[in-house]
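For reference, the chains in residue letters:
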Amino acid sequence: MRLGLAEIEGVRTLVALRDGVIVRLDSELPIDPLKILTDAFLRAKASAAIANAKPVDSTSARLLPPLAQFGKIICVGLNYADHAAESPYDRPKFPVFFLRVDTGIIGPNDPIIRPLISDHLDFEAEMAIILGSGGRRIPEEQALDHVAAYTVFNDGSIRDWQFKGPQWTLGKNFDNTAPIGPFLVSSDEVPSSGKGLRITTRLNGEIVQDANTHDLLFPIPELIARISEAMTLRPGDVIVTGTPAGVGFARKPPLFMKAGDICEVEVEGIGKLVNPIVDEASS
């Protein structure tokens, strides 16, 4: 099942993807994709509604981030060996975690904003998981039971601000730099632990990142277990699993995104995010 949110004629609406076509769902369902995916009765009701739903006029619908309410956004750095090798850091022996805040989140087709104070806007293709249930000290062998859905994430990064110090927080949290979506894909439609999926970034049609999620240094069950040793996880928490090699700052010469560019991040079987780049308006 692939559920999302859209703004249609100014109204936030529940939508689904049926055979590649966006359809509008029954108003009797909650406008909350995650709630539906984690409730057997609502999921059955949604499944029946999808079969009979009418297609959405794409010219009148704007896809939104597919979560009605975001929990924590926990990101993983240096989780592909080739990306760690191209970075200024050693290959990690323990997962590297950092947090993003929801003011950076945007939806499919929304513009990624290059800030006035930097021209070092970089791309990062990532697979993200959405937790449907939480807990503390979750064992690795039970971790995947807590995953409700998968989606696509572009961890847009302002590199000169990221590398101003040893902590990455500011460079990873500029407003309107983190697209997510386009849909929540239920975990039963994705290979176990999201393994074996091609993950790519295209910038203006040219492939700049091309890898496979099988190459994650720390797989999803281990990420969930390690995070939950420190903090309580809750439904709606997002774990962004890391990016492979090919990012702009590591290239020679560097390749940063600029106004007029189109960035496409795709994870095989999960979806594709397409976002234009625009410059921040001067005040």
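Bear in mind that the values here come from a model prediction, so they are computed numbers and not experimental data. For every chain, the first residue of its written sequence is number 1, and the numbers climb from 1 along that sequence. Residues qualify for local features only when their pLDDT is at least 70, as the model is predicted, and side-chain atom pairs are given and counted only at 80 or more; totals for whole chains, interfaces and linings, by contrast, use all residues. Water and hydrogen atoms play no part in the side-chain values, which are based on all heavy atoms of the structure.

A.B. asks: Mind laying out the overall build of the chain, listing which residues take part and the relevant values?
C.D. replies: In this description a helix means any DSSP run of H or I spanning at least four residues, a strand means any run of E spanning at least two, and both kinds are numbered starting from the N terminus. Along its length, the chain carries six helices and 18 strands. Each radius of gyration is computed over the set of C-alpha atoms, and the globule rule expresses the reference value as 2.2 Å times the number of residues to the power 0.38. Taken over the C-alpha trace, the chain has a radius of gyration of 18 Å; the compact-globule value for 283 residues is 19 Å, and the two agree within 12%. Dimensions of the chain, computed from the C-alpha atoms along their principal axes, are close to 50 × 45 × 30 Å. Buried residues are those whose accessible area, probed at 1.4 Å on protein chains only, stays under 20% of the maximum for their type, while exposed residues exceed 50% and partly exposed ones sit between those limits. For the chain, with 283 residues in total, the buried portion stands at 52%. When checking whether two residues touch, look at their non-hydrogen atoms; a contact exists if any pair is within 4.5 Å. For the chain, restricting intrachain contacts to residue pairs at least 6 apart in sequence, the fraction spanning at least 24 positions comes to 75%. To measure how exposed things are, a 1.4 Å probe is used in the Shrake-Rupley method; for residues, cover is taken only from the protein chains shown. Total accessible area on the chain stands at roughly 12500 Å², and carbon and sulfur atoms take up 51% of it. Charge separation in the chain, taken as the distance between the mean sites of 28 positive and 37 negative side-chain charges, equals 2 Å. In summary, the charge assignment counts Lys and Arg as positive and Asp and Glu as negative, without counting His or the chain termini. Note that the charge is assigned to NZ on lysines, CZ on arginines, CG on aspartates and CD on glutamates.

A.B. asks: Account for the pairing of strand β15 (residues 206-212), naming residues and giving values.
C.D. replies: For strand β14 (residues 198-203) and β15, the ladder comprises six bridges, and the chain directions are antiparallel. Paired with L203 across the bridge in β15 is E206. Note: two strands are recorded as paired if DSSP finds a minimum of 2 bridges between them. Linking β14 back to β15 in an antiparallel pair, the connection comprises two residues, with N204 at a positive phi of about 55 degrees.

A.B. asks: Run through the nonpolar core, naming residues and quoting values.
C.D. replies: Counting 40 residues, the largest nonpolar core has M127, I129, Y150, I224 and I270 as the members making the most contacts within it. Looking at this core, the elements that each hand over two or more residues are β5 (73-77), β10 (125-131), β11 (147-154), β14, β15, α6 (220-230), β17 (262-267) and β18 (271-279). Among all residues touching I129, those that are not within four sequence positions of it are V147, A149, Y150, I220, I224, D237, V238 and I239. The set of buried Ala, Val, Leu, Ile, Met, Phe, Trp, Tyr and Cys residues whose side-chain atoms join them within 4.5 Å is what this entry labels a nonpolar core. Counting residues in hydrophobic clusters, the runner-up holds 33 residues, among them L78, A84, F98 and I180.

A.B. asks: Give me the sheet that holds β18: which residues, what numbers.
C.D. replies: Strand order in the open sheet formed by five strands is β8-β18-β17-β14-β15, and the pairing between neighbours is mixed. The sheet is open, and its two borders are formed by β8 (112-114) and β15, each paired with just one other strand. Strand-to-strand, the axes of this sheet are offset by a mean angle of 20 degrees, without reference to chain direction. Convention adopted: a line fitted to C-alpha atoms gives each axis, helices being fitted over their contacting stretch, and angles between N-to-C directions are expressed from 0 to 180 degrees.

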